[in-house]
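Listed below, chain by chain, are the residues.
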Amino acid sequence: MTDRPEEQRPSTVPATAPQEGEIRARWAWVEPTVWTERMLAALETGIEGGKWFRLIDKVWSPKNLESTLEKVVAKGGSAGIDNQSVHQIKVHKVQTIAKLEQQLRAAQYQAQAVKRVWIPKAGSKEKRPLGVPTLRDRIEQGALLHGIEPIFERDFAAQSYGFRPGKGCKDALRRVEELLKAGYHWVVDADLKSYFDTIPQHKLMERIREKIADGRVLKLLEGMLQAGVMDSAKGWQPTQQGTPQGAVVSPLLSNIYLDGLDWQALPQPGTSSTGPRASRSLGRRKRPDFTPEQNTAGRCQPSRRVRLSRLPL
């Protein structure tokens, strides 16, 4: 299925130079201590070569780190493998920011393993894993997210709603309702099994390098991906694929890797491709392949399974 042309293109830049206030309004969700009006203007018009080379200084900015620390403290949560609590971070706020800045400036920052605990699974006797990064890593990742998210968000497909600023399931439902009223009745429902845990890290980094050329930032991302997990039963385990569970930046990384799917039409050989593309709105993904179904009159199209591995992801 393919979407309407106006939904497939990223936001275009106005022919006339916009006022600073207009740019800030369009990007009201970005971290203001990182993204100045000048940077936002460059983001909209595009930079030479399409890659951002200097971002690490935005990550270690004390104001950025302070903003992220406050968000981490407000959200709360359990301590990671270092046993440092939210209360300790709050009490030692100045020292925490200064130490993080120093480590990031000196390229000495190293992500710690994610603590993995097992909790009861709702409606089952089984247990499911829960990932708990250290608060220190959550602060660093938040600062990193502030710096890189707008770069990728600029070009994400309009029909993608999951884990995006200012978008959510209700927006996807409203869009579905619009399409139903317009006469479209076919839906493709696809859930990817263990998606976050199975993302190929090298391919993910390739996607990131398409827009970011700051080696220090890339090294931070790679360090986070490869930090491993500390399992309560098995001890330290390497993470050779996937993104860290519970990591602040993982939702963005998942969208970066699936962006190709959002832009890829899925017509079968010998068939036409009409109607809007399916909207990707939820973060929960179960199966690696999917079956198109018709949502009217309870009838199903003859089974036609499509392996996602065949797509140019």
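Bear in mind the structure is a predicted one, so any value in this text is a computation, not a measurement. (Residues numbered from 1 in each chain as written. Predicted model: local features only at pLDDT ≥ 70, side-chain atom pairs only at ≥ 80, totals over all residues. Heavy atoms only, no water.)

Draft legend 1. Seen up close, the packing of aromatic side chains. Enumeration over the complete set of coordinates arrives at 4 aromatic pairs. Between Tyr 195 and Phe 196, the ring centres sit 5.7 Å apart and the planes meet at 70°, which makes this aromatic pair edge-to-face. For Tyr 195, a relative accessible area of 6% puts it in the buried group. Take Phe 196: its relative accessible area is 22%, and that puts it in the partly exposed class. Linked through ring pairs, Phe 163, Tyr 195 and Phe 196 together constitute an aromatic cluster. If you follow Lys 167 out to its NZ or CZ, it ends over the ring of Tyr 161, 5.1 Å from the centre. (Phe/Tyr/Trp six-rings, centres within 6.5 Å; stacked < 30°, edge-to-face > 60°. Buried < 20%, exposed > 50% of the residue type's maximum accessible area, 1.4 Å probe, protein only. Lys NZ or Arg CZ within 6 Å of the ring centre and 35° of its normal.)

Draft legend 2. Structural context of the environment of Lys 75. Inspection of the secondary structure puts Lys 75 in helix H5 (residues 62-75). Residue classification places Lys 75 among the exposed positions, given a relative accessible area of 76%. Sequence separation between Lys 75 and Val 86 is 11 residues; the distance between their C-alpha atoms is 9.2 Å. (Helix = DSSP H or I, 4+ residues; strand = E, 2+ residues; numbered from the N terminus.)

Draft legend 3. Quick look at the sheet that holds strand S2 (residues 127-132). Taken in spatial order, the 4 strands line up as S2-S1-S4-S5 in an open sheet, and their pairing is mixed. Looking at which strands have only one partner, the edges of the open sheet turn out to be S2 and strand S5 (235-237). Ignoring strand direction, the axes of neighbouring strands in this sheet form an average angle of 35°. Where strand S4 (residues 229-231) lies against S5, 3 bridges are found, and the strand directions are antiparallel. Each bridged residue has a counterpart across the sheet, and for Asp 231 the counterpart in S5 is Gly 235. (Pairing = 2+ DSSP bridges. Axes fitted to C-alpha atoms, helices over the stretch in contact; angles between N-to-C directions.)

Draft legend 4. Structural detail: helix H3 (residues 37-45). Buried residues of H3: Met 39, Leu 40, Leu 43 and Glu 44, and no others. All buried residues of H3 lie within an arc of 135° about the axis, which places them on one face of the element. The outward face of H3, more than 90 degrees from its buried face, is lined by the exposed residues Arg 38 and Thr 45. At the C-terminal side of H3, Gly 46 shows a positive phi close to 95°. (Arc of directions from axis to C-beta.)

Draft legend 5. Seen up close, the side chain of Thr 239. Relative to the helices and strands, Thr 239 is located in the loop between S5 and helix H13 (250-263). At 3.1 Å, the side chain of Thr 239 and the backbone nitrogen of Gly 228 are in polar contact. Those residues in contact with Thr 239 that lie beyond four places of it in its chain are Gln 201, Leu 225, Gln 226, Ala 227, Gly 228 and Val 229. (Polar contact = N/O pair within 3.5 Å; in protein donor to acceptor, adjacent residues only side chain to side chain. Contact = heavy atoms within 4.5 Å.)

Draft legend 6. Region of interest: the confidence of the model for the chain. Taken over all residues, the pLDDT of the chain has a mean of 82, while the share at 70 or more is 78%. Taken element by element, the predicted model of the chain shows its lowest mean pLDDT in strand S6 (residues 289-294) (35) and its highest in helix H7 (residues 93-105) (98). Contacts from residues 1-17, a stretch scored under 50 in pLDDT, to residues over four places away or in other chains number 39 contacts. (pLDDT = per-residue confidence, 0-100.)

Draft legend 7. Here's a closer look at the pairing of strand S1 (residues 114-120). In this sheet, S4 lies alongside S1 in parallel orientation, the contact comprising 3 bridges. Bridge assignment links Arg 116 to a residue of S4, and that residue is Asp 231. Sheet topology note: the S1/S2 ladder contains 6 bridges and is antiparallel. Bridge pairing in S2 links Ile 119 to Arg 128. What sits between the antiparallel neighbours S1 and S2 is a turn of 6 residues, in which Gly 123 has the positive phi angle 70°.

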